[in-house]
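In case you want the letters, here they are:
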Amino acid sequence: MTAAPRFPFSAVVGHDDLRLALLLNAVHPRIGGVLVRGEKGTAKSTVVRALASLLPPLDVVTDCRFGCAPGHPDPQCPDGPHDSTSTQRPAQLVELPVGATEDRLIGSLDLERALTEGVRAFQPGLLAAAHRGVLYVDEVNLLHDHLVDLLLDAAAMGRAHVEREGVSISHAASFLLVGTMNPEEGELRPQLLDRFGLTVQVAASREVTTRTEVVRRRLAFEADPVEFAAKWADADAELAAHIRAARDRVEQVALPDAELRRISALCASFDVDGMRADLVLARTAIAHAAWRGADEVAEQDVEAAARLALPHRRRRDPFDEPGMAEDQLEQALAEAAEHAEGDGDEPPEGPDGPDGGGQAPDEPTEPTGGGGAEERSDGRAPADKAPAAPTPAFRARLLEVPGLGDGAPGRRSRSRSRSGRTTRSSTVEGHGVHVAATLAAAAPHQVARGRSGPGLVLRSDDLRREIREGREGNLVLFAVDASGSMAARERMSAVSGAVLSLLRDAYQRRDKVGVVAFRGASAELVLPPTSSVDIAAARMRNLRTGGRTPLADGLLQVQRVVQRERTRDPQRRALVVLLTDGRATVAVDSGLSGRDRAQRAVEDALRAAGLVAGTGAASIVVDCEDGMVKLGLPARLAAALGGPCLRLEELSAENVAGVVRAVRDERPRAA
């Protein structure tokens, strides 16, 4: 059966940087792969899948599951030693689904043969299937971090190492790694971002002519894929020949010392971490020179490589925007040229000044505290206060949901998992086979079952499954009191800093986050639950304050969000973080006035807290009260929510550790 034609690589309109990055990796796979970032509907997947048809066919050893080349097979190949027979097959495009397990990726012990034949047999994973081909990961930002680490390790070393159930395997795994992602669904951690060799940002063209041609070609392909592919066959064949020629030439391309100094100066100028950027930039420049047909690297090769290899490495903080401005790159290239021409040892200044960090932002001139704004009878603040400048970020303490969940893999709360540590065995639940427990259950019965060979005689009731425990990501819903009572006492700066610190923590723990703010007459869902924590950070930085405190309405909004998200994703448990001084001033029944209104506002808030508790969501109240007179309302809210009440300063892991150390230091003295 003939496979359906893919959209031809040569027929793709635009996306010049993406096509160049893919072709350079096809020429020199040691570059480390390509990460394609872009909004939905920008042909990311189409371009990647089209690349596989350009790669030259492979000669492989017959019956080798690891795709060894006949001339120089991998000496550590688990299927070796090999005979001299070989066959030819097309380069593989292997796709890794988001829900793949670690065993599916790197391989596992063949349990059936191990238990019945008594032999240690290895079942190859997707890394073995992708050897000498393309490994494609769509939505790589949604893949679990430890799987991304395994992928990038194999791509960088060209080998996969497997330690499983007493089996130690190492096999060749040289492949072109391509990941695609939509930043709206969450970012990769900077540490993982750095591991990709090249990164390309794609977006739909705003030019009418380009968009028209995209639609025209796509409709023609859908109408008759075979005819459309045939029309572009010659152009694709020319590109495939160009790739083969560049591959043959790449090992002979020289890297002059002047260009090596230019590369080092560029990386120093952008203050990138480590030496990976220098190596990737050098390999990319060599591949670009080979693609041009040149014998040595020139300035134009380094410039082209820098545009693909450096922008994503400027992202240090999770909330930093990836990429760099064109004028920054041009300035850095001009300064690096001085080092290419001379032997200076001093690195050039960064594109934004001596420290590469840019000019410090001006201090906000608009006051964020002081006297409270006047209130109108309808609860609206006549003049909003500007967003408060957040206090410096800190390392947040771990806030987790009690109990054991079944949510998506993450790093916050305990959960049943397919990939966590094994805690026990079971006959009725769990995933996978608990080998030791199964063997222990079967061993006493071998004589009675008439065992005579090396394998075990098994029965269905011998089977024991693994119960594993790992960590899950949660829905962390921030309910932020942005009323005038918070702003008037200059607490919003501390609250904003605390929320940003908790958002950074949520980013690292792979949570979804949402933000509800309440002030004036009502509450607002500032950010619906999303995996893009950096968007949440931007919304918090722009959060305005002022007006009265509709605490009850804020909690009712939280209840609605939790219920809606539970319908969408029943397995993801919610954690509500309420930051308030508890001084509710707006009742659900706005017809009251004076002391009755204030009393009713507090009562309504407590009732609304009970409704939130009824959803089953875990809650934490952060007490933002200060001053000489404290009413203790946050503690009452925490009791109604069924969760703990923490002071704002107790959110810092360093402060909590300091308290613990102080208690430990005091104990010997008390004795």
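Please read all numbers here as calculations on a predicted model, not as lab measurements. (Residues numbered from 1 in each chain as written. Predicted model: local features only at pLDDT ≥ 70, side-chain atom pairs only at ≥ 80, totals over all residues. Heavy atoms only, no water.)

**Student:** Can you help me understand the sheet that holds strand β18 (residues 574-580) in this one?
**Tutor:** Strand pairing in a sheet takes place through backbone hydrogen bonds and is either antiparallel or parallel in direction. Read across the open sheet, the six strands follow the order β17-β16-β15-β18-β19-β20; overall the sheet is mixed. The open sheet terminates on both sides in strands that have one partner only, identified here as β17 (522-530) and β20 (645-647). Shown here is a sheet whose adjacent strand axes are inclined to one another by a mean of 20 degrees, direction ignored. Together, β15 (475-481), β16 (512-519) and β18 form the strand contacts of helix α17 (residues 492-508), whose direction differs from that of β15 by roughly 175 degrees. Lying over the sheet, helix α19 (residues 551-568) contacts β15, β16, β17 and β18, oriented at roughly 30 degrees with respect to β17. (Pairing = 2+ DSSP bridges. Helix = DSSP H or I, 4+ residues; strand = E, 2+ residues; numbered from the N terminus. Axes fitted to C-alpha atoms, helices over the stretch in contact; angles between N-to-C directions. Contact = heavy atoms within 4.5 Å.)

**Student:** Help me out: how do you make sense of the pattern of salt bridges in this one?
**Tutor:** Side chains that differ in sign of charge can pair as their charged atoms come close. Under the definition given, this model contains 30 salt bridges. The partner of D511 in a salt bridge is R412, and the shortest N-O contact between them spans 2.6 Å. Of this pair, D511 sits in the loop between α17 and β16 while R412 is found in strand β12 (residues 409-426), placing the two residues 99 residues apart along the sequence. Judged by relative accessible area, D511 falls into the buried class, the value being 3%. Salt-bridge contacts for E603 lead to R600; the nearest nitrogen and oxygen are separated by 3.9 Å. A residue pair is termed a helical-turn pair when its members lie 3 or 4 positions apart in one helix, as E603 and R600 do in helix α20 (residues 594-614) at three residues. By relative accessible area, E603 is classed as partly exposed at 31%. One connected set of salt bridges, linked through shared partners, spans R412, D505, R509 and D511. (Salt bridge = Lys/Arg side-chain N within 4 Å of Asp/Glu carboxyl O. Buried < 20%, exposed > 50% of the residue type's maximum accessible area, 1.4 Å probe, protein only.)

**Student:** Explain helix α1 (residues 16-27) here, please?
**Tutor:** Helical geometry: 3.6 residues make up each α-helical turn, so side chains three or four residues apart lie on a common side. In a regular helix each residue adds 1.5 Å, so twelve residues correspond to 16 Å; α1 covers 16 Å between its end C-alpha atoms and thus fits that length. When α1 is considered as a whole, its buried residues turn out to be L18, A21, L22, L23, L24, N25, A26 and V27. (Expected span 1.5 Å × (residues − 1).)

**Student:** Even after reading the chapter, I still don't get empty space enclosed by the protein, so can you show me in this structure?
**Tutor:** If a probe as big as a water molecule is rolled over the atoms, it shows which places are left empty. Enumeration over the complete set of coordinates arrives at three cavities of 30 Å³ or more. Taken as a whole, the largest cavity holds about 90 Å³ of empty space. Contributing to the lining of the largest cavity are L475, K512, V562, E565, R566, D569, R572, R573 and A574. Per element, the largest residue contribution to the lining of the largest cavity is three residues, and it comes from α19. A per-class count over the lining of the largest cavity returns three nonpolar, no polar and six charged. (1 Å grid on protein atoms, 1.4 Å probe; cavity = no way out; pocket = protein on both sides within 12 Å on 5 of 7 lines; lining within 4 Å. Points joined across faces, edges and corners; volume = space filled by probe spheres on them. Nonpolar A, V, L, I, M, F, W, Y, C, P; charged D, E, K, R; others polar.)

**Student:** Where do I start with the packing of aromatic side chains in this structure?
**Tutor:** Evaluated as defined, the whole model comprises four aromatic pairs. Considering the side-chain rings of F228 and W232, the 6.4 Å spacing of their centres and the 45 degrees angle between planes classify their relative orientation as tilted. Accessibility assignment for this pair places F228 and W232 in one class, buried. Among the aromatic residues, those joined into a cluster by ring pairs are F7, F221, F228 and W232. (Phe/Tyr/Trp six-rings, centres within 6.5 Å; stacked < 30°, edge-to-face > 60°.)

**Student:** How do you make sense of the pairing of strand β19 (residues 618-623) when you look at a structure like this?
**Tutor:** On any regular strand, side chains alternate: one points to one face of the sheet, the next to the other face. Most of β19 sits out of view: six of its six residues are buried. Burial along β19 is two-sided: the residues A618, I620 and V622 and S619, V621 and D623 are all buried. The pairing of β18 with β19 spans six bridges and is classified as parallel. By the bridge assignment, L575 is partnered in β19 with A618. Pairing of β19 with β20, which is carried by three bridges, proceeds in the parallel orientation. Counterpart to D623 in the pairing with β20 is R647.

**Student:** Explain unusual backbone geometry to me, please; I cannot follow it from the model alone.
**Tutor:** Among all residues save glycine, negative phi is the norm, and among peptide bonds the norm is trans. Following G80, the chain continues into P81 via a peptide bond in cis, with omega recorded as -5 degrees. Within the fold, P81 resides in the loop between β2 (58-61) and β3 (86-89). Phi is positive for E139, which is not a glycine, with a value near 55 degrees. Inspection of the secondary structure assignment puts E139 in the loop between β7 (134-137) and α6 (145-157).

**Student:** Would you explain the environment of A640 in this entry?
**Tutor:** Within the secondary structure layout, A640 lies in helix α21 (residues 633-641). Among the residues examined, A640 registers a relative accessible area of 26% and is labelled partly exposed. Through-space distance from the C-alpha of A640 to that of A608 is 8.8 Å; in sequence the pair is 32 residues apart. For A640, the residues in contact, after removing those within four places along its chain, are L606, A609, G610 and A613.

**Student:** Mind showing me how you'd approach the nonpolar core here?
**Tutor:** Generally speaking, soluble globular proteins have nonpolar side chains that are buried together. Judged by nonpolar contacts, the single largest core of 66 residues is most densely connected at F9 and L266. At ten residues, helix α12 (residues 276-292) tops the list of elements feeding residues into this core. Those residues in contact with L266 that sit more than four places away from it in its chain are L281, V302, A306, L310, A332, L333 and A336. (Core = buried A, V, L, I, M, F, W, Y, C linked by side-chain atoms within 4.5 Å.)

**Student:** I keep staring at the layout of surface pockets and nothing clicks. Help me out?
**Tutor:** Estimated volume of the largest pocket: approximately 930 Å³. Lining the largest pocket are 42 residues; nearest its centre among them are H144, G407, A408, P409 and G410. For the lining of the largest pocket, the secondary structure elements donating two or more residues are α6, β12, β14 (465-472) and α17. A per-element tally of the lining of the largest pocket places β12 first, with nine residues. Residue composition of the lining of the largest pocket, grouped by class: eleven nonpolar, 16 polar and 15 charged. For the second largest pocket, the calculated volume is near 620 Å³.

**Student:** Just to check I follow, could you spell out the packing of helix α11 (residues 257-269) against helix α13 (residues 299-309) for this structure?
**Tutor:** Any two packed helices are characterised by how steeply their axes cross, that is the angle between the axes, and by the distance between the axes. Axis separation between α11 and α13 bottoms out at 10 Å; the angle between their running directions is 25 degrees. By the criterion of interaxial angle, the relationship of α11 to α13 is roughly parallel. Between α11 and α13 the crossing geometry is right-handed. Residues E259, R262, I263 and L266 of α11 touch α13, and the partners they reach there are E299, V302 and A306. For the contact of α11 with α13, a count of residues per class yields four nonpolar, no polar and three charged. (Parallel < 35°, antiparallel > 145°, perpendicular 65-115°, else oblique. Left-handed = near helix turned anticlockwise from the far one by under 90°.)

Purely geometric numbers; function is a separate question.
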